[in-house]
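# Structural features, examined
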Amino acid sequence: MNAPVPPPTACGGIDLHQEHGQRAVFCGLTGIVWLHRKIQDAFFLVVGSRTCAHLIQSAAGVMIFAEPRFATAIIDERDLAGIADANEELDRVVTRLIERRPDIKLLFLVGSCPSEVIKLDLSRAAQRLSGRLNPVRVLNYSGSGIETTFTQGEDACLAALVPDLPRAIDTAAPSLLVVGALADVVEDQFLRIFAAMGIADVRFLPARRAGAMPAVGRGTRYLLAQPFLADTARALEERGARRLAAPFPLGAEGTTGWLRAAAEAFGVSDEAFEAATAPGRARAETALAPLREELGGKRVFFFPDSQLEVPLARFLARELGAALVEVGTPYLHRGHLAAEIEWLPAGTRVTEGQSLDDQMDRCRAARPDLTVCGLGLANPLEAEGLSTKWSIELLFTPVQGYEQAGDLAELFARPLRRRALLEV
Ligand code: SF4
(Lines give C-alpha, C1' and ligand atoms only; values in the text may rest on other atoms or scores of the structure.)
Protein backbone atom coordinates (compact mmCIF):
# COMPACT_ATOMS: atom_id res chain seq x y z
CA MET A 1 0.00 0.00 0.00
CA ASN A 2 1.20 3.48 -0.71
CA ALA A 3 2.37 5.58 2.21
CA PRO A 4 0.41 8.78 2.84
CA VAL A 5 1.70 11.71 0.85
CA PRO A 6 3.14 14.47 3.01
CA PRO A 7 1.79 17.97 2.33
CA PRO A 8 3.56 19.96 -0.38
CA THR A 9 6.57 21.96 0.74
CA ALA A 10 7.61 25.31 -0.65
CA CYS A 11 10.99 25.28 -2.41
CA GLY A 12 11.88 28.42 -4.34
CA GLY A 13 9.05 29.20 -6.70
CA ILE A 14 8.20 25.59 -7.48
CA ASP A 15 5.37 23.45 -6.20
CA LEU A 16 7.32 20.62 -4.58
CA HIS A 17 5.69 17.32 -3.60
CA GLN A 18 7.24 14.24 -2.10
CA GLU A 19 5.86 10.79 -2.80
CA HIS A 20 6.57 7.34 -1.48
CA GLY A 21 5.28 4.03 -2.72
CA GLN A 22 5.76 1.65 -5.59
CA ARG A 23 8.49 2.71 -7.99
CA ALA A 24 9.32 1.82 -11.58
CA VAL A 25 13.03 2.64 -11.89
CA PHE A 26 16.31 0.93 -12.78
CA CYS A 27 18.88 -0.04 -10.16
CA GLY A 28 22.35 1.49 -10.26
CA LEU A 29 23.89 -1.51 -12.06
CA THR A 30 22.67 0.05 -15.32
CA GLY A 31 25.39 2.71 -15.06
CA ILE A 32 27.92 0.04 -16.04
CA VAL A 33 26.57 0.16 -19.58
CA TRP A 34 27.96 3.67 -20.21
CA LEU A 35 30.77 3.67 -17.64
CA HIS A 36 32.57 0.69 -19.19
CA ARG A 37 32.67 2.53 -22.50
CA LYS A 38 34.06 5.65 -20.86
CA ILE A 39 36.92 4.14 -18.81
CA GLN A 40 38.57 2.08 -21.49
CA ASP A 41 40.75 -0.17 -19.33
CA ALA A 42 38.31 -0.76 -16.47
CA PHE A 43 36.29 -3.93 -15.86
CA PHE A 44 33.04 -4.07 -13.88
CA LEU A 45 32.41 -7.35 -12.08
CA VAL A 46 28.94 -7.47 -10.56
CA VAL A 47 28.73 -9.80 -7.60
CA GLY A 48 25.09 -10.76 -7.81
CA SER A 49 22.45 -13.19 -9.01
CA ARG A 50 21.17 -14.28 -12.40
CA THR A 51 18.64 -11.44 -12.15
CA CYS A 52 21.50 -8.92 -12.12
CA ALA A 53 23.23 -10.65 -15.07
CA HIS A 54 19.94 -10.64 -16.94
CA LEU A 55 19.39 -6.93 -16.29
CA ILE A 56 22.84 -5.95 -17.55
CA GLN A 57 22.55 -8.13 -20.64
CA SER A 58 19.16 -6.66 -21.52
CA ALA A 59 20.27 -3.08 -20.91
CA ALA A 60 23.53 -3.48 -22.82
CA GLY A 61 21.82 -5.01 -25.85
CA VAL A 62 24.21 -5.89 -28.68
CA MET A 63 27.23 -4.70 -26.67
CA ILE A 64 27.34 -8.08 -24.95
CA PHE A 65 28.71 -9.60 -28.17
CA ALA A 66 31.72 -7.26 -28.33
CA GLU A 67 33.93 -8.76 -25.59
CA PRO A 68 32.60 -6.25 -23.09
CA ARG A 69 34.38 -5.21 -19.93
CA PHE A 70 31.63 -6.24 -17.57
CA ALA A 71 30.37 -9.55 -16.20
CA THR A 72 28.49 -11.04 -13.29
CA ALA A 73 29.99 -13.38 -10.69
CA ILE A 74 26.85 -15.28 -9.79
CA ILE A 75 26.25 -16.08 -6.16
CA ASP A 76 24.84 -19.61 -6.21
CA GLU A 77 23.27 -21.96 -3.68
CA ARG A 78 26.66 -23.18 -2.43
CA ASP A 79 27.62 -19.63 -1.51
CA LEU A 80 24.24 -18.93 0.06
CA ALA A 81 24.29 -22.14 2.08
CA GLY A 82 27.77 -21.35 3.33
CA ILE A 83 29.15 -24.57 1.78
CA ALA A 84 31.58 -22.58 -0.32
CA ASP A 85 33.57 -19.68 1.07
CA ALA A 86 32.22 -16.82 -1.04
CA ASN A 87 35.42 -14.80 -0.56
CA GLU A 88 37.60 -17.66 -1.80
CA GLU A 89 35.31 -18.14 -4.79
CA LEU A 90 35.48 -14.43 -5.57
CA ASP A 91 39.28 -14.39 -5.36
CA ARG A 92 39.43 -17.36 -7.71
CA VAL A 93 37.09 -15.74 -10.26
CA VAL A 94 38.94 -12.42 -10.15
CA THR A 95 42.40 -13.96 -10.41
CA ARG A 96 41.37 -15.98 -13.47
CA LEU A 97 39.78 -12.91 -15.03
CA ILE A 98 42.92 -10.79 -14.62
CA GLU A 99 45.11 -13.60 -15.99
CA ARG A 100 42.94 -13.83 -19.07
CA ARG A 101 42.52 -10.10 -19.62
CA PRO A 102 45.86 -8.30 -19.20
CA ASP A 103 44.25 -5.16 -20.69
CA ILE A 104 42.37 -4.58 -17.40
CA LYS A 105 44.02 -1.94 -15.21
CA LEU A 106 41.12 -1.10 -12.90
CA LEU A 107 38.58 -3.58 -11.59
CA PHE A 108 35.34 -2.57 -9.89
CA LEU A 109 33.61 -5.12 -7.69
CA VAL A 110 30.01 -3.96 -7.95
CA GLY A 111 27.68 -4.84 -5.08
CA SER A 112 24.07 -5.90 -5.76
CA CYS A 113 20.96 -6.61 -3.67
CA PRO A 114 21.95 -10.28 -3.11
CA SER A 115 25.57 -9.48 -2.17
CA GLU A 116 24.35 -6.85 0.27
CA VAL A 117 21.67 -9.03 1.80
CA ILE A 118 24.15 -11.84 2.51
CA LYS A 119 26.58 -9.17 3.75
CA LEU A 120 29.46 -10.03 1.50
CA ASP A 121 32.12 -7.48 2.40
CA LEU A 122 33.24 -6.30 -1.02
CA SER A 123 35.28 -3.40 0.32
CA ARG A 124 37.53 -5.81 2.21
CA ALA A 125 37.64 -8.07 -0.82
CA ALA A 126 38.71 -5.08 -2.96
CA GLN A 127 41.50 -4.21 -0.52
CA ARG A 128 42.69 -7.80 -0.35
CA LEU A 129 42.65 -8.23 -4.13
CA SER A 130 44.31 -4.85 -4.78
CA GLY A 131 47.29 -6.01 -2.73
CA ARG A 132 47.41 -9.36 -4.48
CA LEU A 133 46.91 -8.16 -8.06
CA ASN A 134 49.06 -5.02 -7.93
CA PRO A 135 49.42 -3.02 -10.23
CA VAL A 136 45.75 -3.68 -11.09
CA ARG A 137 43.63 -1.49 -8.80
CA VAL A 138 40.52 -3.11 -7.34
CA LEU A 139 37.76 -0.83 -6.01
CA ASN A 140 34.20 -1.46 -5.02
CA TYR A 141 30.85 0.30 -4.97
CA SER A 142 27.20 -0.64 -4.71
CA GLY A 143 24.86 -0.57 -7.68
CA SER A 144 22.08 -2.39 -5.83
CA GLY A 145 18.44 -1.51 -6.18
CA ILE A 146 18.22 -1.18 -2.40
CA GLU A 147 20.71 1.68 -2.35
CA THR A 148 20.80 3.21 -5.82
CA THR A 149 18.47 4.37 -8.58
CA PHE A 150 19.77 4.23 -12.16
CA THR A 151 22.30 7.09 -12.51
CA GLN A 152 23.23 6.89 -8.84
CA GLY A 153 25.32 3.90 -9.93
CA GLU A 154 27.63 6.36 -11.69
CA ASP A 155 27.70 8.50 -8.55
CA ALA A 156 28.69 5.49 -6.44
CA CYS A 157 31.37 4.47 -8.96
CA LEU A 158 32.94 7.95 -9.17
CA ALA A 159 32.75 8.40 -5.38
CA ALA A 160 34.71 5.13 -5.05
CA LEU A 161 37.38 6.55 -7.36
CA VAL A 162 37.87 9.80 -5.42
CA PRO A 163 39.90 8.54 -2.40
CA ASP A 164 42.18 6.82 -4.90
CA LEU A 165 42.94 9.95 -6.97
CA PRO A 166 46.48 11.36 -6.84
CA ARG A 167 47.01 14.30 -4.50
CA ALA A 168 47.45 17.69 -6.20
CA ILE A 169 50.17 19.95 -4.80
CA ASP A 170 48.44 22.50 -2.57
CA THR A 171 50.55 25.40 -3.76
CA ALA A 172 49.83 24.74 -7.44
CA ALA A 173 47.61 27.18 -9.36
CA PRO A 174 43.88 26.30 -9.26
CA SER A 175 42.82 23.66 -11.76
CA LEU A 176 39.39 22.89 -13.18
CA LEU A 177 37.84 19.46 -12.83
CA VAL A 178 34.73 18.48 -14.81
CA VAL A 179 32.88 15.74 -12.97
CA GLY A 180 30.51 13.23 -14.60
CA ALA A 181 30.91 10.83 -17.53
CA LEU A 182 30.51 12.72 -20.81
CA ALA A 183 30.88 11.44 -24.36
CA ASP A 184 34.46 11.94 -25.63
CA VAL A 185 33.22 14.28 -28.37
CA VAL A 186 31.53 16.51 -25.75
CA GLU A 187 34.67 16.58 -23.60
CA ASP A 188 36.74 17.66 -26.61
CA GLN A 189 34.30 20.47 -27.41
CA PHE A 190 34.39 21.75 -23.83
CA LEU A 191 38.20 21.55 -23.79
CA ARG A 192 38.35 23.77 -26.87
CA ILE A 193 36.00 26.36 -25.30
CA PHE A 194 37.93 26.38 -21.99
CA ALA A 195 41.19 26.79 -23.91
CA ALA A 196 39.71 29.70 -25.88
CA MET A 197 38.84 31.33 -22.54
CA GLY A 198 42.42 30.81 -21.37
CA ILE A 199 41.67 27.99 -18.87
CA ALA A 200 44.29 25.44 -19.82
CA ASP A 201 44.44 23.03 -16.87
CA VAL A 202 41.14 21.15 -17.27
CA ARG A 203 40.70 17.51 -16.30
CA PHE A 204 37.77 15.11 -16.34
CA LEU A 205 36.47 12.59 -13.82
CA PRO A 206 36.30 9.83 -14.87
CA ALA A 207 39.30 9.95 -17.19
CA ARG A 208 39.36 7.73 -20.25
CA ARG A 209 42.10 5.53 -18.75
CA ALA A 210 42.73 4.29 -15.22
CA GLY A 211 46.30 5.63 -15.24
CA ALA A 212 45.16 9.14 -16.23
CA MET A 213 42.75 9.91 -13.38
CA PRO A 214 42.98 13.57 -12.30
CA ALA A 215 44.82 14.76 -9.21
CA VAL A 216 42.69 16.55 -6.61
CA GLY A 217 43.47 18.94 -3.77
CA ARG A 218 42.72 22.32 -2.23
CA GLY A 219 43.34 24.11 -5.53
CA THR A 220 40.76 22.01 -7.39
CA ARG A 221 37.60 23.81 -8.54
CA TYR A 222 35.04 21.38 -9.87
CA LEU A 223 32.02 21.73 -12.12
CA LEU A 224 29.40 19.01 -12.02
CA ALA A 225 28.43 17.99 -15.54
CA GLN A 226 25.62 15.76 -14.22
CA PRO A 227 22.99 16.45 -11.55
CA PHE A 228 23.16 13.04 -9.85
CA LEU A 229 26.62 13.19 -8.26
CA ALA A 230 25.89 13.98 -4.60
CA ASP A 231 28.24 11.39 -3.06
CA THR A 232 31.05 12.14 -5.52
CA ALA A 233 30.78 15.85 -4.70
CA ARG A 234 30.97 15.06 -0.98
CA ALA A 235 34.06 12.89 -1.49
CA LEU A 236 35.74 15.63 -3.54
CA GLU A 237 34.99 18.24 -0.86
CA GLU A 238 36.61 15.94 1.71
CA ARG A 239 39.77 16.12 -0.39
CA GLY A 240 39.66 19.93 -0.37
CA ALA A 241 38.08 20.55 -3.80
CA ARG A 242 35.46 23.29 -4.13
CA ARG A 243 32.31 23.18 -6.25
CA LEU A 244 31.48 25.96 -8.67
CA ALA A 245 27.73 26.56 -8.38
CA ALA A 246 26.20 26.39 -11.85
CA PRO A 247 23.26 25.15 -13.89
CA PHE A 248 23.88 21.99 -15.94
CA PRO A 249 25.22 22.20 -19.51
CA LEU A 250 21.97 21.19 -21.22
CA GLY A 251 20.74 23.53 -23.94
CA ALA A 252 22.40 26.80 -24.93
CA GLU A 253 21.39 28.69 -21.80
CA GLY A 254 22.47 25.93 -19.41
CA THR A 255 25.80 25.55 -21.24
CA THR A 256 26.46 29.30 -21.07
CA GLY A 257 25.62 29.41 -17.35
CA TRP A 258 27.86 26.40 -16.71
CA LEU A 259 30.80 27.85 -18.65
CA ARG A 260 30.28 31.24 -17.01
CA ALA A 261 30.71 29.71 -13.55
CA ALA A 262 34.18 28.52 -14.62
CA ALA A 263 34.96 31.85 -16.30
CA GLU A 264 34.13 33.76 -13.11
CA ALA A 265 36.17 31.44 -10.91
CA PHE A 266 39.20 31.70 -13.18
CA GLY A 267 39.01 35.47 -13.77
CA VAL A 268 38.20 35.26 -17.50
CA SER A 269 37.33 38.69 -18.94
CA ASP A 270 33.87 39.35 -20.39
CA GLU A 271 35.41 39.85 -23.84
CA ALA A 272 37.27 36.54 -23.75
CA PHE A 273 34.15 34.76 -22.51
CA GLU A 274 32.04 36.32 -25.25
CA ALA A 275 34.57 35.46 -27.95
CA ALA A 276 34.85 31.84 -26.76
CA THR A 277 31.12 31.19 -26.46
CA ALA A 278 29.40 33.35 -29.11
CA PRO A 279 29.95 30.98 -32.09
CA GLY A 280 28.58 27.99 -30.14
CA ARG A 281 25.60 29.97 -28.90
CA ALA A 282 24.79 31.11 -32.42
CA ARG A 283 24.98 27.55 -33.78
CA ALA A 284 22.76 26.27 -30.97
CA GLU A 285 20.25 29.05 -31.65
CA THR A 286 20.11 28.14 -35.36
CA ALA A 287 19.58 24.46 -34.51
CA LEU A 288 16.87 25.20 -31.94
CA ALA A 289 14.80 27.70 -33.93
CA PRO A 290 12.85 25.19 -36.08
CA LEU A 291 12.33 22.87 -33.10
CA ARG A 292 10.74 25.68 -31.11
CA GLU A 293 7.85 25.58 -33.55
CA GLU A 294 7.35 21.86 -33.00
CA LEU A 295 7.74 21.83 -29.23
CA GLY A 296 6.37 25.27 -28.32
CA GLY A 297 3.21 25.00 -26.23
CA LYS A 298 3.48 21.18 -25.97
CA ARG A 299 2.53 19.84 -22.53
CA VAL A 300 5.26 17.58 -21.10
CA PHE A 301 5.11 15.16 -18.17
CA PHE A 302 8.30 13.67 -16.66
CA PHE A 303 8.29 10.41 -14.72
CA PRO A 304 11.23 10.09 -12.28
CA ASP A 305 14.23 8.20 -13.61
CA SER A 306 17.67 9.79 -13.77
CA GLN A 307 17.67 13.14 -11.86
CA LEU A 308 18.18 14.81 -15.24
CA GLU A 309 14.49 15.71 -15.25
CA VAL A 310 14.72 19.18 -13.67
CA PRO A 311 17.44 20.54 -16.01
CA LEU A 312 15.71 18.95 -19.01
CA ALA A 313 12.38 20.46 -18.03
CA ARG A 314 14.06 23.85 -17.62
CA PHE A 315 15.55 23.53 -21.12
CA LEU A 316 12.23 22.49 -22.68
CA ALA A 317 10.31 25.30 -20.97
CA ARG A 318 12.73 28.18 -21.43
CA GLU A 319 14.40 27.44 -24.75
CA LEU A 320 11.60 25.65 -26.58
CA GLY A 321 8.46 27.08 -24.98
CA ALA A 322 7.06 23.75 -23.74
CA ALA A 323 4.55 23.69 -20.86
CA LEU A 324 5.47 21.51 -17.87
CA VAL A 325 2.65 19.42 -16.44
CA GLU A 326 4.74 17.58 -13.84
CA VAL A 327 8.47 17.05 -13.33
CA GLY A 328 9.17 13.80 -11.47
CA THR A 329 12.65 13.12 -10.12
CA PRO A 330 13.87 10.21 -7.99
CA TYR A 331 15.81 12.63 -5.79
CA LEU A 332 16.10 16.42 -5.72
CA HIS A 333 19.45 17.75 -4.50
CA ARG A 334 18.39 21.28 -3.49
CA GLY A 335 21.99 22.59 -3.39
CA HIS A 336 23.29 21.22 -6.67
CA LEU A 337 20.04 22.11 -8.46
CA ALA A 338 19.58 25.57 -6.96
CA ALA A 339 20.24 27.41 -10.24
CA GLU A 340 17.95 25.01 -12.10
CA ILE A 341 15.11 25.37 -9.60
CA GLU A 342 15.38 29.14 -9.91
CA TRP A 343 15.04 28.87 -13.70
CA LEU A 344 11.97 26.60 -13.69
CA PRO A 345 8.74 28.48 -14.42
CA ALA A 346 7.16 29.63 -11.14
CA GLY A 347 4.71 27.11 -9.74
CA THR A 348 6.04 24.09 -11.71
CA ARG A 349 4.92 20.87 -10.02
CA VAL A 350 8.03 18.91 -9.07
CA THR A 351 7.54 15.47 -7.52
CA GLU A 352 10.41 13.89 -5.63
CA GLY A 353 10.15 10.09 -5.22
CA GLN A 354 7.33 8.04 -6.69
CA SER A 355 4.00 6.45 -6.04
CA LEU A 356 3.56 4.81 -9.42
CA ASP A 357 -0.22 4.33 -9.49
CA ASP A 358 -0.93 7.87 -8.28
CA GLN A 359 1.47 9.30 -10.81
CA MET A 360 -0.04 7.21 -13.64
CA ASP A 361 -3.49 8.50 -12.64
CA ARG A 362 -2.27 12.09 -12.81
CA CYS A 363 -0.61 11.46 -16.17
CA ARG A 364 -3.72 9.85 -17.64
CA ALA A 365 -5.93 12.66 -16.36
CA ALA A 366 -3.63 15.33 -17.80
CA ARG A 367 -3.13 13.57 -21.17
CA PRO A 368 0.14 15.39 -21.89
CA ASP A 369 1.42 15.78 -25.45
CA LEU A 370 4.67 14.09 -24.44
CA THR A 371 5.52 11.80 -21.53
CA VAL A 372 9.18 11.20 -20.65
CA CYS A 373 9.44 7.81 -18.92
CA GLY A 374 11.33 4.53 -18.64
CA LEU A 375 11.01 1.59 -21.02
CA GLY A 376 8.60 -0.21 -18.71
CA LEU A 377 5.97 2.51 -18.96
CA ALA A 378 6.54 3.71 -22.52
CA ASN A 379 4.70 1.05 -24.52
CA PRO A 380 1.70 0.80 -22.17
CA LEU A 381 1.29 4.60 -22.36
CA GLU A 382 1.72 4.57 -26.15
CA ALA A 383 -1.06 1.96 -26.30
CA GLU A 384 -3.26 4.44 -24.46
CA GLY A 385 -2.59 7.03 -27.15
CA LEU A 386 0.11 9.04 -25.35
CA SER A 387 3.40 9.98 -27.04
CA THR A 388 6.41 8.94 -25.01
CA LYS A 389 10.14 9.57 -24.94
CA TRP A 390 12.32 6.81 -23.48
CA SER A 391 14.37 8.51 -20.83
CA ILE A 392 17.28 6.02 -21.11
CA GLU A 393 18.28 7.57 -24.44
CA LEU A 394 19.10 10.80 -22.62
CA LEU A 395 21.97 8.94 -20.93
CA PHE A 396 23.22 7.07 -23.99
CA THR A 397 23.22 10.04 -26.37
CA PRO A 398 25.67 12.95 -26.23
CA VAL A 399 23.35 15.79 -25.14
CA GLN A 400 25.53 18.35 -23.30
CA GLY A 401 26.99 21.51 -24.77
CA TYR A 402 26.13 23.95 -27.56
CA GLU A 403 26.69 21.53 -30.44
CA GLN A 404 24.28 18.98 -28.98
CA ALA A 405 21.46 21.42 -28.05
CA GLY A 406 19.67 20.74 -31.34
CA ASP A 407 20.09 16.95 -30.98
CA LEU A 408 18.68 17.14 -27.47
CA ALA A 409 15.58 18.99 -28.65
CA GLU A 410 15.29 16.49 -31.53
CA LEU A 411 15.04 13.63 -29.03
CA PHE A 412 11.84 15.21 -27.72
CA ALA A 413 10.47 16.29 -31.10
CA ARG A 414 10.86 12.88 -32.76
CA PRO A 415 8.08 11.01 -30.91
CA LEU A 416 5.67 13.87 -31.64
CA ARG A 417 6.61 13.81 -35.31
CA ARG A 418 6.23 10.04 -35.49
CA ARG A 419 2.76 10.16 -33.98
CA ALA A 420 1.73 12.95 -36.36
CA LEU A 421 2.95 10.84 -39.32
CA LEU A 422 1.10 7.74 -38.13
CA GLU A 423 -2.10 9.66 -37.57
CA VAL A 424 -2.23 11.12 -41.09
S1 SF4 B 1 21.08 -5.29 -8.06
FE2 SF4 B 1 19.09 -5.75 -7.18
S3 SF4 B 1 17.62 -4.53 -8.39
FE4 SF4 B 1 19.56 -4.63 -9.57
S5 SF4 B 1 19.29 -6.41 -10.92
FE6 SF4 B 1 20.36 -7.15 -9.08
S7 SF4 B 1 18.70 -7.90 -7.75
FE8 SF4 B 1 17.74 -6.58 -9.31
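Residues numbered from 1 in each chain as written. Predicted model: local features only at pLDDT ≥ 70, side-chain atom pairs only at ≥ 80, totals over all residues. Heavy atoms only, no water.

## Side note on the packing of aromatic side chains
This model, assessed by the stated rule, comprises eight aromatic pairs. With 4.9 Å between their ring centres and 15° between their planes, F44 and F108 make a pair best called stacked. Here the residue F44 occupies a position in strand β3 (residues 42–48), and F108 occupies one in strand β5 (residues 106–111), the gap between them amounting to 64 residues. You can call F108 buried: its relative accessible area is 0%. (Phe/Tyr/Trp six-rings, centres within 6.5 Å; stacked < 30°, edge-to-face > 60°. Helix = DSSP H or I, 4+ residues; strand = E, 2+ residues; numbered from the N terminus. Buried < 20%, exposed > 50% of the residue type's maximum accessible area, 1.4 Å probe, protein only.)

## Observations regarding a nonpolar patch on the surface
Taken together, the side chains of L80, V117, I118 and I146 present a nonpolar region at the surface, about 390 Å² in accessible area. With respect to the helices, strands and loops of the structure, L80 is situated in helix α3 (residues 77–80). On the accessibility criterion, L80 (56% relative accessible area) is exposed. (Patch = residues over 30% accessible without salt bridge, like charges linked within 9 Å, V, L, I, M, F, W, Y side chains within 5 Å. Areas by Shrake-Rupley, 256 points an atom, 1.4 Å probe, with all protein chains shown as cover. Salt bridge = Lys/Arg side-chain N within 4 Å of Asp/Glu carboxyl O.)

## Considering the site of the ligand
The environment of the ligand is formed by C27, L29, T51, C52, S112, C113, P114, S144 and G145. Elements that contribute at least two residues to the shell around the ligand include exactly α2 (50–60) and α5 (113–117). Grouping the constituent residues of the shell around the ligand by class yields five nonpolar, four polar and no charged. (Near = heavy atom within 4 Å. Nonpolar A, V, L, I, M, F, W, Y, C, P; charged D, E, K, R; others polar.)

## Quick look at helix α17 (residues 405–423)
The α-helix winds at 3.6 residues per turn, so residues separated by three or four positions along the chain end up facing the same way. In a regular helix each residue adds 1.5 Å, so 19 residues correspond to 27 Å; α17 covers 28 Å between its end C-alpha atoms and thus fits that length. The largest bend in α17 comes to about 35°, at F412, with the proline P415 one to four residues further on. By the burial criterion, the buried members of α17 are A405, G406, L408, A409, L411, F412, A413, P415 and L416. (Expected span 1.5 Å × (residues − 1). Bend = angle between axes of the 7 residues up to and from the residue.)

## Quick look at the sheet that holds β5
Spatially, β4-β3-β5-β6 is the arrangement adopted by the four strands of the open sheet, whose pairing is parallel. Every interior strand has two partners, whereas the edge strands, β4 (70–74) and β6 (137–142), have only one. The sheet shows a mean angle of 25° between the axes of neighbouring strands, direction not considered. Direction of pairing for β3 relative to β5: parallel, over a ladder of six bridges. From the neighbouring strand, L45 faces β5, where its bridge partner is L109. Sheet contacts for helix α4 (residues 86–100): β3, β4 and β5; angle to β3, the most-contacted strand, approximately 155°. Each of β3, β5 and β6 touches helix α6 (residues 122–133); the most contacted strand, β6, lies at about 170° to it. (Pairing = 2+ DSSP bridges. Axes fitted to C-alpha atoms, helices over the stretch in contact; angles between N-to-C directions. Contact = heavy atoms within 4.5 Å.)

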